[in-house]
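Tertiary structure, described
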Amino acid sequence: MSVLSLMVLMLANMLNLAGDTSSQSSKRVDADAEARVVFGNMAENVREIVLRQDLDHYMVRDADGDENDQLYFFSRSRGHFPGGTVQAKQSPFSLIGYRINTTAASSDPYALERLAIGMMWADFSSGSPNQIIFNAEDASGSKAANTIPTNWVTELTTSAPGYTDVLGPQTFRFEYTFLVRGGDGVPPSLTIHQPDDPKDIVAIIVGIAVLDATSRIKVDDLSRVISVLPNAEEGKDLLELWEPIVAAPDFATTAGLPQQVASAVRVYQRYFYLPALP
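Quick summary incoming for the structure in this document. Think of each chain on its own: its residues are numbered from 1, step by step along the sequence as written. pLDDT decides what is reported in this predicted model: residues at 70 or higher carry local features, side-chain atom pairs at 80 or more are listed and counted, and totals for whole chains, interfaces and linings draw on all residues regardless. To obtain the side-chain values, all non-hydrogen atoms of the structure were used and water was disregarded.

What follows covers the overall build of the protein chain. Every helix listed is a DSSP run of H or I at least four residues long, and every strand listed is a run of E at least two residues long, numbered separately from the N terminus. The helix and strand inventory of the protein chain stands at eight helices and nine strands. Within the protein chain, the fraction of its 278 residues that count as buried is 44%. A sequence separation of at least 24 residues applies to 72% of the contacts in the protein chain between residues at least 6 apart. A 1.4 Å probe and the Shrake-Rupley method give the accessible areas. Residues count as covered only by the protein chains that appear here. As displayed, the protein chain has an accessible area near 14,000 Å², and 55% of this comes from carbon and sulfur atoms. In this scheme, a residue with accessible area under 20% of its type's maximum is buried, one over 50% is exposed, and one in between is partly exposed, where area comes from a 1.4 Å probe on protein chains only. Here, residues are in contact when the closest pair of their heavy atoms is within 4.5 Å.

As structure tokens, then:
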């Protein structure tokens, strides 16, 4: 009888182990799938980015006091237009943005959102978010009144209805750095500083952290794990910073997560090369 009991116990343990392994594999698949969707969407937008001296692009470090960054730029990508807009007046250009919604009370807290405001060719209402604005200098020589943060305040600070979609519901960390051109005979280098001239940017390197939906249910607040994954540092890419932290034996304790949840945190990185400028 004792031998039979031992065999049953061993079988139960084997089944539990197989179930845990299957669950972890499923979580990894979910996270990988989300990373592909996020990076695929960004690749399309960055490939069509409009980099001109008379058009603004807005890249925000540690937005709203949070560690997460934000990116905003004009792109030849399809955006959202108000209902009833005449199609012939819709341009192929949009104001594109990426940000983590850190509003805990929202329906999608700590999720990656994509802003896509379609720009009109003409006949837009004064003050409409669909009005493309060139950053010409005013009488004092300042361009401040014609920048993205000045003219799209509401859309940049809220989940603007009709213009914002949740792109990565499991993505809770968003960070970027730059690969910039060197001088004559000097190879490109990594920097956290945005060059004044967009022609000097070779690529934008984006890092994201993902936690699957099943694991998220067991976490009340992701702010601690967000702070554990550091901001970009000069001369380093993001995986170089994040992977050792996530792989560390004490990561669960440091991030304030249950061990099983901590093991499901995944980090990803991709280089988005900008089109060559004349």
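This part takes up the sheet that holds strand S4 (residues 111-120). In this analysis, strands are considered paired if DSSP registers two or more bridges between them. Taken in spatial order, the five strands make up an open sheet running S1-S2-S3-S4-S5, and their pairing is antiparallel. The sheet is open, and its two edges are formed by strand S1 (58-60) and strand S5 (164-168), each paired on a single side. The average angle at which neighbouring strand axes cross in this sheet is 20°, direction not considered. Axes, fitted as lines to C-alpha atoms, cover a helix only where it is in contact. Angles between the N-to-C directions of the axes lie from 0 to 180 degrees.

Counting residues in hydrophobic clusters, the biggest one holds 54 residues, and the most contacted among them are Phe172, Phe174, Ile204, Val206 and Ile208. Tallying contributions element by element places helix H1 (residues 2-47) first for this core, with seven residues. Apart from the residues lying within four places of it in its own chain, the contact partners of Ile208 are Ala35, Val38, Phe39, Thr171, Arg173, Phe174, Trp242, Arg266, Val267 and Tyr268. Residue types Ala, Val, Leu, Ile, Met, Phe, Trp, Tyr and Cys, when buried and joined through side-chain atoms within 4.5 Å, form a set referred to as a nonpolar core. Counting residues in hydrophobic clusters, the runner-up holds 15 residues, among them Tyr72, Leu115, Met119 and Leu156.

Geometrically, a pair of aromatic rings is defined through the distance of the ring centres and the angle of the planes. Two aromatic rings, drawn from Phe, Tyr or Trp (for Trp, its six-membered ring), form a pair once their centres lie within 6.5 Å of each other, and the interplanar angle then sorts them: stacked below 30 degrees, edge-to-face above 60, tilted otherwise. Following the criterion strictly, the structure yields four aromatic pairs and no others. Look at Tyr176 and Phe178: their rings are 5.5 Å apart centre to centre, the planes differ by 70°, and that puts the pair in the edge-to-face class. Each member of the pair, Tyr176 as well as Phe178, carries the same accessibility label: buried.

Taken in spatial order, the four strands make up an open sheet running S7-S6-S8-S9, and their pairing is antiparallel. Every other strand in the sheet has two partners, leaving strand S7 (189-191) and strand S9 (266-273) as the edge strands with one partner each. Taking the axes of each pair of neighbouring strands and ignoring which way they run, one obtains an average angle of 30° across the sheet. Looking at chain direction, strand S6 (residues 171-180) and S7 are connected through three bridges and run antiparallel.

What follows concerns the side chain of Ser91. Tracing the sequence through the fold places Ser91 in strand S3 (residues 90-101). Looking at Ser91, the relative accessible area reads 3%, which means it is buried. N or O atoms within 3.5 Å of each other form a polar contact, as long as, within protein, one can give a hydrogen and the other can take it, and as long as residues adjacent in sequence are counted only when both atoms are side-chain atoms. Separated by 2.7 Å, the side chain of Ser91 and the backbone oxygen of Met119 make a polar contact. Excluding its chain neighbours within four sequence positions, the residues that come into contact with Ser91 are Arg78, Phe81, Met119, Met120 and Trp121.

Attention now moves to helix H6 (residues 238-247). Residues of H6 that are buried include every one of Leu238, Leu241, Trp242 and Val246, and no others. Considered in projection along H6, the buried side chains sweep an arc of 110° and stay on one side of the axis. Contacts from the buried residues of H6 go to S6, strand S8 (201-210), helix H7 (251-255) and S9. At the N-terminal boundary of H6, the capping side chain belongs to Asp237, with an oxygen 3.5 Å from the backbone nitrogen of Leu239. Picture the helix axis, draw a direction to every C-beta atom, and the arc is the one those directions span.

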